[in-house]
Amino acid sequence: MRESQQGARGPLSLVRRVGAFAAAEPVLSILVVALLALQMFAPRPLSTLPALVDWQTVMTLAGLLVLTKAIEYSGLLTWLAHRLVHHVHSERGLALLLVALAAALSTIVTNDVALFVVVPLVLSLHQLAPLPLKRLVIVIALGVNAGSVLTPLGNPQNLFLWQVSGVSFTRFVLGLAPLCAFLMAMLAVLSVCLFKTRALDLSKDAAPQRVDRTLAVVAAALFGAFVLLADAHHAGIALAGVGAGFLIWRPRIVLKIDWLLLLIFVLMFIVLRSVAALPWIHHALASLSLQTPMRAFAAGAVLSQAISNVPAAIVLAGFTHDWRALAFGVSVGGFGVAIGSLANLIAVRLSGERGVWLPFHLISVPFWIAAFFGGALLLHLF
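Rules behind the numbers
- Residues numbered from 1 in each chain as written.
- Predicted model: local features only at pLDDT ≥ 70, side-chain atom pairs only at ≥ 80, totals over all residues.
- Heavy atoms only, no water.
- Helix = DSSP H or I, 4+ residues; strand = E, 2+ residues; numbered from the N terminus.
- Expected span 1.5 Å × (residues − 1).
- Buried < 20%, exposed > 50% of the residue type's maximum accessible area, 1.4 Å probe, protein only.
- Contact = heavy atoms within 4.5 Å.
- Phe/Tyr/Trp six-rings, centres within 6.5 Å; stacked < 30°, edge-to-face > 60°.
- Core = buried A, V, L, I, M, F, W, Y, C linked by side-chain atoms within 4.5 Å.
- Salt bridge = Lys/Arg side-chain N within 4 Å of Asp/Glu carboxyl O.

> Mind showing me how you'd approach helix α15 (residues 293–307) here?
For an α-helix, the turn length of 3.6 residues means that residues three or four places apart are oriented alike. Between its first and last C-alpha, α15 extends 21 Å over 15 residues, near the 21 Å set by a 1.5 Å rise per residue. Of all the residues in α15, the buried ones are Ala-296, Phe-297, Ala-299, Gly-300, Ala-301, Ser-304 and Gln-305. Residues of α15 that are buried in the fold lie against α16 (309–316), α17 (323–332) and α19 (357–381). Immediately downstream of α15, the backbone of Ser-308 shows phi near 80°, a positive value.

> What is the right way to read the packing of aromatic side chains from this model?
Each aromatic ring pair is specified by the distance between its two centres and by the angle formed by the two planes. The full count for this structure, using the stated rule, is ten aromatic pairs. Feature note: the residues Phe-297, Trp-368, Phe-372 and Phe-373 constitute an aromatic cluster, connected by ring pairs.

> Is there a simple way to explain the nonpolar core in this structure?
Grouped burial of nonpolar side chains is what soluble globular proteins tend to show. The biggest cluster of nonpolar side chains holds 126 residues, and the ones touching the most others in it are Leu-94, Leu-183 and Phe-246. If one sorts the elements of this core by residue count, helix α13 (residues 259–277) sits on top with twelve residues. Discounting chain neighbours no more than four positions away, the residues touching Leu-183 are Ala-146, Val-149, Phe-335, Phe-367 and Ala-371.

> How should the pattern of salt bridges be read in this particular structure?
Opposite charge on two side chains permits them to pair, given that their charged atoms come into close proximity. Overall, the coordinates contain three salt bridges when judged by the stated rule. The closest approach of N and O atoms between Glu-91 and Arg-198, which form a salt bridge, is 2.8 Å. Note that Glu-91 is positioned in helix α5 (residues 91–109) and Arg-198 in the loop between α9 (169–194) and α10 (213–231), a separation of 107 residues in sequence. For Arg-250, the salt bridge goes to Asp-212, with nearest N and O atoms at 3.1 Å. Placement of the pair is Arg-250 in the loop between α11 (235–249) and α12 (251–255) and Asp-212 in the loop between α9 and α10, with a sequence separation of 38 residues. Looking at Arg-250, the relative accessible area reads 26%, which means it is partly exposed.

Nothing here speaks to function; it is all geometry.
Structural data, given as structure tokens:
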């Protein structure tokens, strides 16, 4: 009897574990299921699947994950963030500073790393003085999406488009600068409207003083060298040097990077490019005539609302050569519904606040509409 009960518990336990993993990693789970379905109904030889992956982008992302993790572990960003808030004396000033800080960090250490610095900072400040936490989390999420537009390092879709476009780092930044400036101006106006000039006293904030200066200096120097090598299309050499160096010196940093994110990115390439190659999907996308800039922009902005901006960039990149128009579109697509950008989900998850989604969409959807028309105008003017 006991053996039969234990045998029954085994499958149940396995189902629960699979369910818990799917709930914790929904994107990865969906991609795995989609890949299995594709191999069942539209099979490809397994040996051809790796060729669907843009390995230059994956290697660049891996190197950036190692370096941003090193900067995070050095404590430099957290120390800097706490030092900055000591100069704030009002609720509105705090909101503007946090948005600017989140946006600035997201240009160099990706939007998710910026969130892991700024959102915990807000939570610690909330313990010192009552803050409008939900509104702050919302504008910070919008801030990292707006700031990350500027550089190839800001988010995965920019990184991918930078690699496939073949343009230089400087040209990419100059191409996206008008949109970034417009989004940040809109966000500044929004912050002024959402937050009051009520006085705040954050002088009791005890900033953590421990900074691993050696790690911070080495990581910053390697970051610059890595970007230069990636810009010269030598991401593999750069990754090998950074990875080997940290494995020998600080192996914990390499072990602690988001390996699941890399796996998700690899699966995205395989699944989305396989789907785009299906005859009826390929015909539907080709019929959109995305070679014109405005159509590529609109497709990126709208499709991101359904499947998020990283998958939208990967799917649409095969149907347009206008990398800038597509970058404009998927950047704008990060606003609107929450799924438009994974950064939105991360920000709310880190805050631990309930009841955020309704106010988030009441702010983010109108922001997306304004960004859509503003982005279209900028694309036309420039």
